[in-house]
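Now for the letters of each chain:
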Amino acid sequence: MNVLVFDTEEQIGIAAGYYMCGQVLQKPDSVLGLATGSTPIKAYDHMIKLYRQGAVDFSQVTTFNLDEYCNLDIKDKNSYHSFMYENLFNNINIPDENINFLDGNAADVEQECKNYEKKIKQAGGIDIQLLGIGSNGHIAFNEPAESFQRWSHIVALKESTIKDNSRFFNSIEEVPTHALTMGIGSIMQAKRILIIALSEHKAKAVKQVIDGQVTPQCPASVLQFHPDVTLMLDKGAASLL
Ligand code: PGA
C-alpha cells in the first residue's frame, strides 16, 4: 500500500483532487467510483477548481456512487444523491446520464443491486474508486460482520454508523436504518483505490487496514489484498502507525 501522510486536510484535498483528475487526463472516458461523507469534500473542491481552470474535462466520464440510503427521497438534503450534486456534479461538466446511483427506493431491491453490478461491468469496470473509512472500519456501508458480502446489497446500519451520521440530521431518529451499498467484491474489482482518512477517530481502523489482520470485522482490512491502494492520511489518522 502506498501510504501518504499530510499536515493538513487542505493538502490532502489537493493531492486527492489531482489523483482523481490525473486518472481522467490519462483516460478521458474513465469510470470513477465516488464516495460521500465529510472526508472527500476537499478532494471534490479541488476537482472543481481544476475543471474551472480548464485543466480537466469530465464530459466523457462515468461515475458510480458507493451507496445510498433506503427510504429517503433523493431530493432530501441528506440523500447521497443530493450530496454529490451539491459537492461535485453541479459544478463540473459531467452529463447527467453518465451518473449512477443505487436506488434506495427501488421496489425490488435485489434486482436493483443486480442491475447496478451489471451496469458497472458494462461500463468496463471502475478505473479508480475513492473511499472514506468508518471509525468501525466500514467501507461504503459494508459494516463489520461475520463474513464479507461480495456484491451490492441492502444493509441494516450499525448503531455506531447511525450515530456517526446523525450529525447531518435534525435528530438520530431521522437517520435511515437501511441502505444499499456496493459490496466488498464490487470495490475490490476497481483497478485502483484511493482511501482518505482524517482525524484521530479513524486511527485504529487505519492501523488495522495497514498492518492488522484481514477480517470482516474490519471490512476495510480486505484492501490489503488489493494490488493498487493509496491511502492519504492526516497526522491524526496516522497517529497509531
Ligand atoms: P466520513 O465517513 O467521511 O463522514 O467520516 C466516512 C465513511 O463512513 O465512510
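Our structure is the block above this text.
As the structure is a prediction and not an experimental result, all values here were calculated from the model.

Asks: Talk me through the layout of surface pockets; I want residue IDs and the actual numbers.
Replies: One number sums up the size of the largest pocket: a volume of about 650 Å³. Considering the residues around the largest pocket, the lining is formed by 32 residues, among which Thr36, Gly37, Ser38, Arg167 and Phe168 are closest to the centre. For the lining of the largest pocket, the secondary structure elements donating two or more residues are strand E4 (67–69), helix H3 (80–87) and helix H5 (159–165). Considering every element that reaches the lining of the largest pocket, the biggest residue donor is H3, with four residues. Classifying every residue of the lining of the largest pocket by side-chain character gives eleven nonpolar, 15 polar and six charged. The space that makes up the second largest pocket amounts to roughly 190 Å³.

Asks: Explain the sheet that holds strand E7 (residues 153–156) to me, using residue names and the numbers behind them.
Replies: Sheet architecture is open: three strands sit in the order E4-E8-E7, paired in antiparallel fashion. With one partner strand each, in any of the chains shown, E4 and E7 form the two edges of the open sheet. Taken over all neighbouring pairs, the strand axes of this sheet differ in orientation by 25 degrees on average, direction set aside. With three bridges connecting them, E4 and strand E8 (residues 178–181) associate as antiparallel partners. Bridge pairing in E8 links Tyr69 to Ala179.

Asks: Quick one: what's the story with the sheet that holds strand E6 (residues 128–131), residue by residue and with numbers?
Replies: Spatially, E1-E10-E9-E6-E2-E3-E5 is the arrangement adopted by the seven strands of the open sheet, whose pairing is parallel. Edge positions in the sheet fall to strand E1 (2–6) and strand E5 (99–100), since each of these pairs with one other strand and no more. Pairing geometry for E1 and strand E10 (residues 229–234), over five bridges, is parallel. Following the sheet pairing, Phe6 is matched in E10 by Asp234.

Asks: Quick one: what's the story with empty space enclosed by the protein, residue by residue and with numbers?
Replies: Evaluation of the coordinates by the stated rule reveals one cavity of 30 Å³ or more. Every residue along the wall of the largest cavity is listed here: Glu9, Ile12, Gly13, Thr39, Lys42, Ala43, Ile196 and Leu198. Taken together, the elements giving at least two residues each to the lining of the largest cavity come down to helix H1 (9–26) and helix H2 (41–52). For the lining of the largest cavity, the element with the highest residue contribution is H1, accounting for three residues. For the lining of the largest cavity, the per-class residue count stands at four nonpolar, two polar and two charged.

Asks: Just give me the short version of the site of the ligand, but keep the residues and values in it.
Replies: Close contacts around the ligand come from Gly37, Ser38, Thr39, Gly132, Ile133, Gly134, His138, Arg167 and Lys202, and that covers them all. At 2.7 Å, a side-chain N or O of His138 approaches an oxygen atom of the ligand. Taking Lys202, its side chain carries an N or O atom lying 2.7 Å from an oxygen atom of the ligand. Here the ligand, which alone exposes 280 Å², has 83% of that area covered by the protein. When each cavity is represented as a set of grid points, the ligand is found to reside in the largest pocket.

Asks: Would you mind going over the pairing of E10 in detail, with residue names and values included?
Replies: Among the six residues that make up E10, six are buried, leaving the element largely enclosed by the rest of the structure. Of the two faces of E10, the one lined by Val229, Leu231 and Leu233 and the one lined by Thr230, Met232 and Asp234 are each fully buried. By the bridge criterion, five bridges tie strand E9 (residues 192–197) to E10 in an arrangement that is parallel. The residue bridging Ile196 from the neighbouring strand is Met232, located in E10.

Thresholds applied
Residues numbered from 1 in each chain as written. Predicted model: local features only at pLDDT ≥ 70, side-chain atom pairs only at ≥ 80, totals over all residues. Heavy atoms only, no water. 1 Å grid on protein atoms, 1.4 Å probe; cavity = no way out; pocket = protein on both sides within 12 Å on 5 of 7 lines; lining within 4 Å. Points joined across faces, edges and corners; volume = space filled by probe spheres on them. Helix = DSSP H or I, 4+ residues; strand = E, 2+ residues; numbered from the N terminus. Nonpolar A, V, L, I, M, F, W, Y, C, P; charged D, E, K, R; others polar. Pairing = 2+ DSSP bridges. Axes fitted to C-alpha atoms, helices over the stretch in contact; angles between N-to-C directions. Near = heavy atom within 4 Å. Polar contact = N/O pair within 3.5 Å; in protein donor to acceptor, adjacent residues only side chain to side chain. Areas by Shrake-Rupley, 256 points an atom, 1.4 Å probe, with all protein chains shown as cover. Sits in = over half its atoms within 2 Å of the grid points. Buried < 20%, exposed > 50% of the residue type's maximum accessible area, 1.4 Å probe, protein only.

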